[in-house]
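Overview (structure and organization)
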Number of protein chains: 2
Amino acid sequence: MVMEPDQQATAEGALFTDFYQLTMAQLYYREGLHQLPARFDYFFRNYPDYGSHQAGYCLTAGLDWLLNYLERYRFRDEDLAYLRSATDSRGQRLFAEDFLQYLKEQVSFEALTIRAVPEGRVVHAGAPIAVVEGPLMMAQLLETALLNHLNYPTLIATKASRVKQSAQGEVVIDFGMRRGQERGVNAGARAALIGGVDYSSNTGLSYLLGLPPKGTHAHSLVQTFMALGLGELAAFRAYAALYPDDCLLLVDTVDTLASGLPNALIVFEELRRQGHEPIGVRLDSGDRAFLSIQAAKMLNEAGFAQARIVLSGNLEEFAIWQITTQIESDAPAYGVDPQALIRRLSYGVGTQLMVSGGAAALDGVYKLVAVYERGEWRPAIKLTETPAKTINPGNKALWRLYDRRGKATADLVTLLDEDPRELARLTLHHPVEANTYRNLARAELSGLEPLLQEVFVQGRRAPPASITELRSRAEADLARLDAGVKRLINPHIYHVSLSERLWGLKQQLIAEARGLRPA
Amino acid sequence: MVMEPDQQATAEGALFTDFYQLTMAQLYYREGLHQLPARFDYFFRNYPDYGSHQAGYCLTAGLDWLLNYLERYRFRDEDLAYLRSATDSRGQRLFAEDFLQYLKEQVSFEALTIRAVPEGRVVHAGAPIAVVEGPLMMAQLLETALLNHLNYPTLIATKASRVKQSAQGEVVIDFGMRRGQERGVNAGARAALIGGVDYSSNTGLSYLLGLPPKGTHAHSLVQTFMALGLGELAAFRAYAALYPDDCLLLVDTVDTLASGLPNALIVFEELRRQGHEPIGVRLDSGDRAFLSIQAAKMLNEAGFAQARIVLSGNLEEFAIWQITTQIESDAPAYGVDPQALIRRLSYGVGTQLMVSGGAAALDGVYKLVAVYERGEWRPAIKLTETPAKTINPGNKALWRLYDRRGKATADLVTLLDEDPRELARLTLHHPVEANTYRNLARAELSGLEPLLQEVFVQGRRAPPASITELRSRAEADLARLDAGVKRLINPHIYHVSLSERLWGLKQQLIAEARGLRPA
């Protein structure tokens, strides 16, 4: 964290931006283009690919804190003084005074309208997740903040959703503060909680979100008692005495099976005699499939069949899937019911959750799609991209199509003035391939849902939702997503299609930009 | 960012911690152990492994902002009110009032002494990078903040150093704000600048560090002019008119070779006629080895042999190494001198730098190593680890041994009361393998440098160093590191050894803890 409050305000206020946004802003101002109405789209091109496993969807997160940032955006005198001191390679002043005065007096995001997919929704590659409309200069100045606030949380909400899925619905706790990106772990923990993680060890963030923070104890507690000659049992007893109704013991400091579990059982029996029921044990190292089977066996035999077994230590969805798979095959040989064991597991997930292990960044981009001049919107397009990367032009709407089972069957990107609900027959065009499309009768669909909502209009933001609401949204969306798309490995590709009119516009623009007639 | 300043203070103050630190703190308080003198070590076990390439060293970063955090640490009434409201599984209050009063009145980090390797130094796996001594409760409460502030910046300083190495010393600019972990990008940019990146696009952070932020312009600038029917050339002219001495043009919006570069050359010639020299061009997509050769050829033929060619777009050390390797083999066929071309390249490195692509977390840990009781330090040890993970006990010093060439030849971990400078003959013991050691005559060494310095004593921190100083430190250390250890791929393993006394203590403790005599 930076040193003084005003330094933090410097690093996290209006200057929390890539420098080129400011030099471009001045250029637009100087050219009289700063008020030119413009539209930008935010979308990602690829689902996170973790190497050994891949995501088939993402979950949106981060919008609430972005909107907070936008509401408070202003250039302080100190920020302007700094820009006044910026020089070019010849030592000449880079920003003229009239521009700086404009920044001070006129600049806010009030003139922008932002439509976005709200937080906690399932979204797909290539679909516009946020659409920004307003003066070119302000829409440009928004870029860094928008990408910074949306890319990372969306990545983490997605990862959390996958971890929760691999945990088969059992409790997952975020333990990721120590390995994430400094203060960014707060945004990450919030995203994880939206995406399906139940609790976080992050105390302040949990407080802000109205959730109880969770944790057990560290190895250091046991090590202290051992170094003092008091031993692991004394450490466990001290913990149980202080937290008799929250007694969750970390049993792998000395020897999980020969010391940790036997000592925990002694304490659990003492607790029970005093009228308290223990929470369970935590296993933080070793073969956690094998050890959890042995722990279940020992706990069961001692009469603690309800005690939870918390697993932690470099876990993520793939590791959890492997552990539960191994339990399913190995537990019966030890007289342990694998399903009952899986039902009593909880997971502490830290590093791999908070850094999205294997795919540490979402490739979300913010692209100019149109400017308005002489009474019409003029689509903007960038041609050097491969066909798959050519942006979809124009001002768009995003629709989710639900089939007769109520499952999401495709997302459809249309122009803003199209309403596919009015059509008896829909054409879903592949975004790149010319002759790939499918026709769908309206009657085959149980619903068409517009996904983009106005979240920032005239300087006012949509009201924030609670974490509970956001989780419910995510759960509802996941329930309407086909299992194949949710598969942890090699998921089924969900279709994001273009309407016939949008496809036609895109082809026309590519042809015009290349100086050709449409083929 | 969280909503209100007081909410930010909640999320980033004393409650910026894993919850179990607080429950353990209360346990130590209740057991009368809170003042027990304790020692913790911070170290990492593994160098970052990026998959296709691996680090053979790390560069320290993050300490300065950690010390800022420690100096300002206090529990506000609001924090205490929150803890007062925390309940256990039966709804009973978790934290007693006397403990909360203690937190309010007595708690600060003033009683801790922190010795650490300063920022900007080369460090190695297994060596203690920070050693904390003081009351057990405070040393425990430090854990999350210490790991959070040191792990990520050290990871990024390391990555930055590798990128700078692959850039063969040419200018590298951090473009990573948009894909990093929200506010964490400020810590990341600072670490990157310590590690060898020359500039950052992060405006506010550059301001705080006294460096000029850098950037060019985005595709959206060219797209805007094109959508208005004015074209790429008009966009370039507008940029050149406003920034005649900072003219760096992004040439890949339409067609790099057929449009971007020819248009840039027109503008560069116009600039030169007006008495300005252009900075150069930026290539953000496509085969940047091929395109940079073509760009060099065109720039050379037009008389702009000094113009820089800035490469960007998902670059990191391995990609840069591939690009320069391809230039070396392919450039001559186009009449371009490969070395001259490599000397005029600059690199904008974003996502892969800021998330440390391929290795998104450093596995730094903070482990109890000793407690003081009845007049002596009692080493703490944890046995469930594999031998390689068993911690080195006791209070330690860290020495760097330089050979006659002045190159770092090994790091030596000793007990604090050993001074290897006084020995004629040193034994460097392998940290795990019993019979692996080497003897070294003192005369074979040109120097022995103690690496751990007191950085926080009685609540006062060591004075911060400027980014310029930190970079010089890093450069000096890298110059004293063998090329094999710096190799981007499969680096030579640098030895971190134990002194004979430390090795003996470790064996004794393992044996005692296992209830055995030493073998």
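Every chain is numbered on its own, with residues counted from 1 as its sequence reads. Here the convention is simple: chains get letters from A, ligands get numbers from 1, in the order in which they are written. Side-chain atom pairs in this predicted model are given and counted only at pLDDT of 80 or more, local residue features only at pLDDT of at least 70, and totals for whole chains, interfaces and linings cover all residues.

Below, the discussion takes up the overall build of chain A. The numbering of helices and of strands both runs from the N terminus, where a helix is a DSSP run of H or I of at least 4 residues and a strand a run of E of at least 2. The secondary structure content of chain A amounts to 19 helices and 21 strands. A principal-axis box enclosing the C-alpha atoms of chain A has dimensions of 80 × 60 × 35 Å. Buried, partly exposed and exposed are defined by the number of other C-beta atoms within 10 Å of a residue's own C-beta, namely 20 or more, between the two limits, and 12 or fewer respectively, with C-beta atoms placed from the backbone. For chain A, the proportion of its 519 residues judged to be buried stands at 57%.

When two helices pack together, their arrangement is captured by the angle between the axes and the distance separating the axes. Residue and element names in this part refer to chain A. Every axis in this analysis is a line fitted to C-alpha atoms, fitted for helices over the stretch in contact. Angles between the N-to-C directions lie between 0 and 180 degrees. One way to put it is that helix α3 (residues 63-71) packs onto helix α7 (residues 143-166) with a least axis distance of 8 Å and a crossing angle of 155°. Judged on the interaxial angle alone, α7 and α3 are roughly antiparallel. Crossing of α3 over α7 shows right-handed handedness. Of the residues in α7, those in contact with Leu-63, Trp-65, Leu-66 and Tyr-69 of α3 are Ala-145, Leu-146, His-149 and Leu-150. For the contact of α3 with α7, the per-class residue count stands at seven nonpolar, one polar and no charged. Convention used here: angles under 35 degrees read as roughly parallel, angles over 145 as roughly antiparallel, angles from 65 to 115 as roughly perpendicular, and any remaining angle as oblique. Each crossing gets its hand from how the near helix is turned against the far one by less than a right angle, where anticlockwise is left-handed and clockwise is right-handed. Residue pairs qualify as contacts under a 7 Å threshold applied to their C-beta atoms, which are placed from the backbone. Here the nonpolar group is Ala, Val, Leu, Ile, Met, Phe, Trp, Tyr, Cys and Pro; Asp, Glu, Lys and Arg are the charged ones; every other residue, Gly included, is treated as polar.

This paragraph deals with the interface of chain B and chain A. Between chain B and chain A, the contact holds 101 residues from the first and 101 residues from the second. Considering only residue class, the side of chain B that touches chain A consists of 47 nonpolar, 36 polar and 18 charged.

Attention now moves to unusual backbone geometry. All names here are of chain B. For Gln-168, which is not glycine, the phi torsion reads 55° and is therefore positive. By secondary structure assignment, the location of Gln-168 is in the loop between α7 (143-166) and β6 (172-174). Residue Gln-168 is classed as partly exposed on the basis of its 13 C-beta neighbours within 10 Å. The phi angle at Asn-314 is positive, at roughly 60°, despite the residue not being glycine. Within the secondary structure layout, Asn-314 lies in the loop between β10 (308-312) and α14 (317-330). Looking at Asn-314, the number of C-beta atoms within 10 Å reads 15, which means it is partly exposed.

Moving on, we get to the domain arrangement of chain A. The split of the chain into domains comes from an automatic or database domain assignment. Each assigned domain of chain A is listed with its residue range as follows: domain 1 (1-34 + 74-107) and domain 2 (216-350). Between domain 1 of chain A and domain 2 of chain A, the C-alpha centre-to-centre distance is 55 Å.

Residue and element names in this part refer to chain B. Structurally, the position occupied by Arg-121 is in the loop between β3 (113-116) and β4 (122-123). Of the residues examined, Arg-121 has 24 C-beta atoms within 10 Å and is grouped as buried. Note: C-alpha distance between Arg-121 and Asp-49 (72 residues apart in sequence) is 20 Å. Contacts of Arg-121, omitting those with residues within four sequence positions, involve Thr-60, Leu-451, Arg-473 and Asp-477.

Moving on: the sheet that holds strand β1 (residues 37-44) of chain A. Read from one edge of the open sheet, seven strands run β13-β12-β1-β5-β3-β19-β20 (chain A), paired in antiparallel fashion. A single partner strand is all that each edge strand has here, and the edge strands are β13 (376-379) and β20 (460-461) of chain A. Two strands pair if DSSP finds at least two bridges between them. Sheet topology note: the strand β12 (residues 364-373) of chain A/β13(A) ladder contains four bridges and is antiparallel. Paired with A:Glu373 across the two strands is A:Glu376, which belongs to β13(A). The strands touched by α3(A) are β3 (113-116), β19 (453-457) and β20 of chain A; relative to β19(A), the strand with the most contacts, the crossing angle is about 25°. Along the sheet, helix α10 (residues 219-227) of chain B contacts β12 and β13 of chain A; its crossing angle with β12(A), the most-contacted strand, is approximately 25°.

For the rest of this paragraph, the subject is the environment of B:Leu147. Mapped onto the fold, B:Leu147 is located in helix α7. What makes B:Leu147 buried here is the crowd of 22 C-beta atoms within 10 Å. As for B:Leu147 and B:Lys506, which are separated by 359 residues in sequence, their C-alpha atoms are 25 Å apart. If sequence neighbours within four positions are ignored, B:Leu147 has contacts with A:Arg178, B:Gly364 and B:Tyr366.

On to the nonpolar core, then. Judged by nonpolar contacts, the single largest core of 344 residues is most densely connected at A:Tyr239, A:Leu249, B:Tyr239 and B:Leu249. Setting aside anything within four residues of it in sequence, one finds B:Tyr239 in contact with A:Leu27, B:His217, B:Leu221, B:Cys247 and B:Leu249. What we call a nonpolar core is a set of buried Ala, Val, Leu, Ile, Met, Phe, Trp, Tyr and Cys residues whose membership is set by joining through C-beta atoms within 7 Å.

Residues and elements named next belong to chain B. For β10, a buried count of four out of five residues is recorded, marking the element as mostly surrounded by other parts of the structure. Summarising the sheet, strand β9 (residues 280-283) and β10 pair through four bridges and their orientation is parallel. Within β10, the residue paired with Arg-282 across the bridge is Val-310. Here a crossover is taken to be right-handed if, once the strands point away from the viewer, the path from the first strand over the helix to the second is traced clockwise. Tracing the backbone out of β9, into helix α13 (residues 288-301) and back to the parallel element β10 gives a crossover that is right-handed. Here β10 runs beside strand β11 (residues 345-349); their pairing, made up of four bridges, is parallel. Residue pairing for β11: Val-310 is matched across the bridge by Ser-346.

With that out of the way, let us pick up the relation of the copies chain B and chain A. Laying chain B over chain A is done by rotating through 180° and shifting 0.0 Å along the axis; what remains is an RMSD of 0.0 Å. In symmetry terms, the pair is related by a two-fold rotation axis. Of the C-alpha atoms belonging to chain B, the one lying closest to the rotation axis is found on B:Gly184, 2.1 Å away. In this comparison the copies share one frame, found by least squares on the C-alpha atoms of residues holding pLDDT of at least 70 in both.

All names here are of chain B. Summarising burial for strand β14 (residues 396-403): six of the eight residues are buried, a large majority. Here β14 hands over to strand β15 (residues 408-415) after four residues, with Gly-406 in that stretch at a positive phi of 85°. In this structure, β14 lies alongside strand β18 (residues 445-450), joined through five bridges in antiparallel fashion. Bridge pairing in β18 places Trp-399 opposite Pro-450.

Turning our attention to the sheet that holds strand β6 (residues 172-174) of chain A. Reading across the sheet, the six strands line up as β7-β6-β11-β10-β9-β8 (chain A) and stay open at both edges, with parallel pairing between neighbours. The outermost strands of the open sheet, each flanked by one partner alone, are β7 (199-200) and β8 (248-250) of chain A.

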